[in-house]
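Residue strings, one per chain:
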Amino acid sequence: MTQQRAKSFYIHTFGCQMNQADSGIISALLQNEGYAAASSEDEAGIILLNTCAVRENAVERIENYFQHLQGLKKRRRGLLVGVTGCIPQHQREKMFAVSTAIDFLAGPDTYRALPSLIEQARAGARLAALDFNAAETYEDIDPQRESSISAFVPVMRGCDNMCAFCVVPFTRGRERSHAFNSVIGEIRSLADSGCREITLLGQNVNSYSDPEEGRDFADLLTAASLAAPGTRIRFTTSHPKDINERLIRAIAAHPNICNHIHLPVQSGSDSMLALMNRGHTIGEYRSKIEMIRSIIPDVAVSTDIIAGFCRETEDDHRKTLQLLSDIRFDSAFMFFYSTRPGTLAERTLSDDVPEPVKKRRLQEIIDLQNEISAGLFQASVGKVVEVLAESVSRRSSEQLMGRTSANRVVVFDRSGREPGDLVEVEITGATSATLIGQVVHR
Ligand code: SAH
Ligand code: SF4
Ligand code: F3S
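Residues numbered from 1 in each chain as written. Chains lettered and ligands numbered in written order. Predicted model: local features only at pLDDT ≥ 70, side-chain atom pairs only at ≥ 80, totals over all residues. Heavy atoms only, no water.

A closer look at the domain arrangement of the chain
Much of the literature gives interface size as the accessible area that the parts lose upon coming together. Split into domains, the chain comes out as domain 1 (3-129), domain 2 (148-258), domain 3 (262-378) and domain 4 (384-439). The C-alpha centroid of domain 4 is placed 36 Å from the C-alpha centroid of domain 1. (Domains from an automatic or database assignment.)

Structure follows, in structure tokens:
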């Protein structure tokens, strides 16, 4: 292997936006040490899989990929394979047994060790760096960014919530907030360099607390909006138990903060929410939605649902369907429950809803939500919306794809517009997941 190839890396990213942001940090850390980002796997001497452990068969899902890497290693002598992110952090004992193709492992708090792991792996060692470090935020690292139009800015890492089904507290460790001024500085410099949309990231952004002066997420969002007045500001994820009126008023007061709130509810049944350790009831959830809608009338709310959690009855399931019909979420991420090793549910409850039942319930949830989303989409035909053009459409180079403030995807004929432009678009039609529009010429 040439020296040049030995020093080039390629990262495959799985999982949530936080993991995508971490891939940018890994990339910057390696480039600071003299490594170069390869444009494809074919050119790389180091391949990293930045992995997600949140749902079923997390390891099995990447196993096929290891077979491919095994073959690649035979053909490309000296190729190194590293697995980073949530899977190795969660299943450290198991990982090396999964495939002989793996040379090294690193977790979300140990990315600074990667250059040294790579060097030692080159010398023939097989090793892992998986200690938690509750002080690590990578705030001093200027991440590599994929797009000049939109950017993720993590505002916290880790999670202290311990929802019974969730592996994240075990893969990402204790919650820690980034320093207020460092976040705002990053936002200002992104805005100065022409970035049009910034998404603030955290597993539960509502529990953000400035380590220096204790300012909260409403303060941070307000300061972000003022630091980047020409840039759209988004944030995710909010937790229903912590979202409050102060935050909603901050969103309403600043036009560049998008009118979209992702507020995972998981289930429509109080007994499920209690077993899930979510810390709120459905009554409380409904009143928060009412509060949000009364303060921001054109707000879009999306959610996450888990079907078939432990002990879920048909009655619990019907309550979820009822909640979806009543609230009419803009969109939802819907999953069936799968036990994650080490979680509270895995240790204390039995995964007792049979798989066919889980899948049937999930399908009913998906069918209902699709109908609701389609209805909401159809109702927006004829309206004029502001769309941030993100990219050329996959279907045609004559069309652009972008999003509304409410996070709805819109495809429209270019009419001379470029990715990065904010465009007034009249909605002319809708499919189940996409709005179709036409540029409004003024
Ligand atoms: N911190 C965020 C994201 C957590 S993971 C939040 O609190 O919303 C994203 C979603 O994955 C969760 O909201 C949940 O709906 C789903 N999920 C997490 N663990 C799961 C499991 N064991 N089985 C099925 N879905 C799960
Ligand atoms: Fe998981 Fe709950 Fe934390 Fe979200 S808030 S990451 S679901 S433990
Ligand atoms: Fe994200 Fe998956 Fe880890 S959702 S936090 S990459 S387990």
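Observations concerning the nonpolar core
Core analysis: the biggest nonpolar cluster contains 70 residues, and Leu200, Phe217 and Phe309 have the highest contact counts within it. A total of seven residues in this core trace back to one element, the largest contributor, which is helix H9 (residues 217-227). Taken domain by domain, the makeup of this core includes at least three residues from each of domain 2 (148-258) and domain 3 (262-378). Judged by nonpolar contacts, the second largest core, of 24 residues, contains Ala44, Leu72, Cys86 and Met95. (Core = buried A, V, L, I, M, F, W, Y, C linked by side-chain atoms within 4.5 Å. Buried < 20%, exposed > 50% of the residue type's maximum accessible area, 1.4 Å probe, protein only. Helix = DSSP H or I, 4+ residues; strand = E, 2+ residues; numbered from the N terminus.)

A look at the pattern of salt bridges
Applying the stated rule across the entire model yields 28 salt bridges. Between Glu197 and Arg234 there is a salt bridge, and its shortest N-O distance comes to 3.0 Å. Of this pair, Glu197 sits in strand S10 (residues 197-201) while Arg234 sits in strand S11 (residues 232-236), placing them 37 residues apart in sequence. Across this residue pair, the class does not change: Glu197 and Arg234 are buried. Note that Arg414 is salt-bridged to Glu418, the shortest N-O span being 3.1 Å. (Salt bridge = Lys/Arg side-chain N within 4 Å of Asp/Glu carboxyl O.)

Here we look at the sheet that holds strand S12 (residues 260-262)
Pairing within the open sheet is parallel, and its three strands lie in the order S12-S13-S14. Each edge of the sheet is formed by a strand with only one pairing partner; in this case those strands are S12 and strand S14 (331-336). Averaged over all neighbouring strand pairs, the angle between strand axes comes to 10°, with direction disregarded. As paired strands, strand S13 (residues 300-307) and S14 are joined by six bridges and run parallel to one another. Bridging from a neighbouring strand, Ile306 pairs with Phe335 of S14. Those strands touched by helix H15 (residues 355-379) are S13 and S14, and its axis lies near 175° from that of S14. (Pairing = 2+ DSSP bridges. Axes fitted to C-alpha atoms, helices over the stretch in contact; angles between N-to-C directions. Contact = heavy atoms within 4.5 Å.)

Some points on the site of ligand 3
Close to ligand 3 lie Cys16, Asn19, Cys52, Ala53, Val54, Cys86, Val168, Arg172 and Gln203, which account for all nearby residues. Two domains share the shell around ligand 3, each providing at least three of its residues, namely domain 1 (3-129) and domain 2 (148-258). (Near = heavy atom within 4 Å.)

Re the pairing of strand S15 (residues 384-392)
Across five bridges, S15 lies against strand S18 (residues 422-430) in antiparallel orientation. For Val384, the partnering residue across the bridge sits in S18 and is Glu426. One ladder, built from five bridges, connects S15 with strand S16 (residues 399-404); its direction is antiparallel. Within S16, the residue paired with Val392 across the bridge is Leu400.

A closer look at unusual backbone geometry
That bond from Thr236 to Thr237 is cis: its omega, 5°, falls within 30 degrees of zero. By the element assignment, Thr237 lies in the loop between S11 and helix H10 (245-253). Even without being glycine, Asn277 reaches a positive phi, approximately 65°. The phi angle at Asn407 is positive, at roughly 75°, despite the residue not being glycine. Within the fold, Asn407 resides in the loop between S16 and strand S17 (409-413). Exposure remark for Asn407: the relative accessible area of 28% places this residue in the partly exposed category.

With respect to the sheet that holds strand S4 (residues 80-85)
The strand order S2-S1-S3-S4-S5-S6 describes an open sheet built from six strands, whose pairing is parallel. The open sheet has two edge strands with one neighbour each: strand S2 (36-37) and strand S6 (127-129). Relative to strand S3 (residues 46-51), strand S1 (residues 8-13) is paired through five bridges, and the arrangement is parallel. Bridging across to S3, Thr13 finds its partner in Asn50. The sheet contacts of helix H6 (residues 114-122) involve S3, S4, strand S5 (104-106) and S6, and relative to S5 the element is tilted by about 170°.

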